[in-house]
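Here is what each chain is made of, one letter per residue.
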Amino acid sequence: MAARGRPRSFDRQEALERAMETFWALGYEGASMAELTRAMGVASPSLYAAFGSKDELFREAAKLYEEKAGACMMAAVDAAPTARAACEAFLVTSAEALARPGRPPGCMIVLTAAGTHNAAEQTREALKGRRAGPLGALTRRLEDAVASGELPDGLDIAAIAAFFVTVQQGMSIQAVDGATPEALGAIARAAMKAWDGLTSGPERSAAS
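Residues numbered from 1 in each chain as written. Predicted model: local features only at pLDDT ≥ 70, side-chain atom pairs only at ≥ 80, totals over all residues. Heavy atoms only, no water.

The name given to the protein in an unreviewed UniProt entry is TetR/AcrR family transcriptional regulator, with Chelatococcus sambhunathii as the source organism.

Given below as C-alpha cells:
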C-alpha cells in the first residue's frame, strides 16, 4: 500500500542514529520521549509515524548499535588466528571502542540491561539476545579450538567464554566512570594473564 500523507521532512537514518546515541547515553527508561524528539529533531507524531513506538525505536537503535559498534569486536574475534588471540582481540578492541571520544562511554547493550523493566517483553528478549551474541561467538571459537586440538578436551568452555564476556561488561561500567582506553587496555591485559590457568585442562588425579 502506498504511504499516504505528507512525505517525511527528516532523514530517518540520521534520526535513528541520534536516537541510538540518546538511548546509549541515558538508557531505555532515562530516554524520555521529550529527550528523544529533541535529540532526533522531530515532533512526536513524526516519530511515531516513522518508528511506531518507543519500544520499536529502541529495538532499531539497538540493532544499529550492534551493526556499528559491536561489529568491530566480532570482526576482531573472527580474524584472530588462535582462540587466545580471539579472546584478547575481543577485550582489546572493546577497550578502544568503549571509551572512544565523541561517543557515549560504555556499551549500549550492556548499560541498558538493568533499565528495561518497563519495556515490552519483546524488547527485553531482543536485548537479551544481543547481549548473548559475544558469549556465543567466543564459545564457538573455543569449541573449534578444542575440536582442532589447539585446546585440550575437558575444558569448561562455557565458563571460560563467560569469564571474558564478564570482564568486557565490567570494562563497560569502568568506561562510564571515566576510564580511558589505556586504563581499559590494562584491564584487558590483566585478564589475559588468566588464560593459561583457564585452559590448562582439567586437573588429573595424582593416583595412577
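K.L.:
Would you mind showing me how to read the packing of aromatic side chains here?
P.N.:
Think of a pair of aromatic rings as described by two things: how far the centres are apart, and how the planes are tilted against each other in angle. According to the stated counting rule, one finds six aromatic pairs in the structure shown. Plain terms: the ring middles of Phe 23 and Tyr 28 are 6.4 Å apart, the flat faces sit at 10° to each other, and that makes the pair stacked. Each member of the pair, Phe 23 as well as Tyr 28, is classed as buried. Arranged with centres 5.0 Å apart and planes meeting at 80°, the rings of Phe 163 and Phe 164 form a pair that is edge-to-face. Take Phe 163: its relative accessible area is 29%, and that puts it in the partly exposed class. For Phe 164, a relative accessible area of 0% translates into the label buried. (Phe/Tyr/Trp six-rings, centres within 6.5 Å; stacked < 30°, edge-to-face > 60°. Buried < 20%, exposed > 50% of the residue type's maximum accessible area, 1.4 Å probe, protein only.)

K.L.:
Honestly, empty space enclosed by the protein in this entry has me stumped. Any pointers?
P.N.:
By rolling a water-sized probe across the atoms, one finds the places where empty space is left. This model, assessed by the stated rule, comprises one cavity of 30 Å³ or more. Put simply, the largest cavity is a space of about 30 Å³. Of the residues forming the lining of the largest cavity, the biggest block, four residues, is contributed by helix H7 (residues 121-148). Of the residues belonging to the lining of the largest cavity, the class tally is four nonpolar, one polar and two charged. (1 Å grid on protein atoms, 1.4 Å probe; cavity = no way out; pocket = protein on both sides within 12 Å on 5 of 7 lines; lining within 4 Å. Points joined across faces, edges and corners; volume = space filled by probe spheres on them. Helix = DSSP H or I, 4+ residues; strand = E, 2+ residues; numbered from the N terminus. Nonpolar A, V, L, I, M, F, W, Y, C, P; charged D, E, K, R; others polar.)

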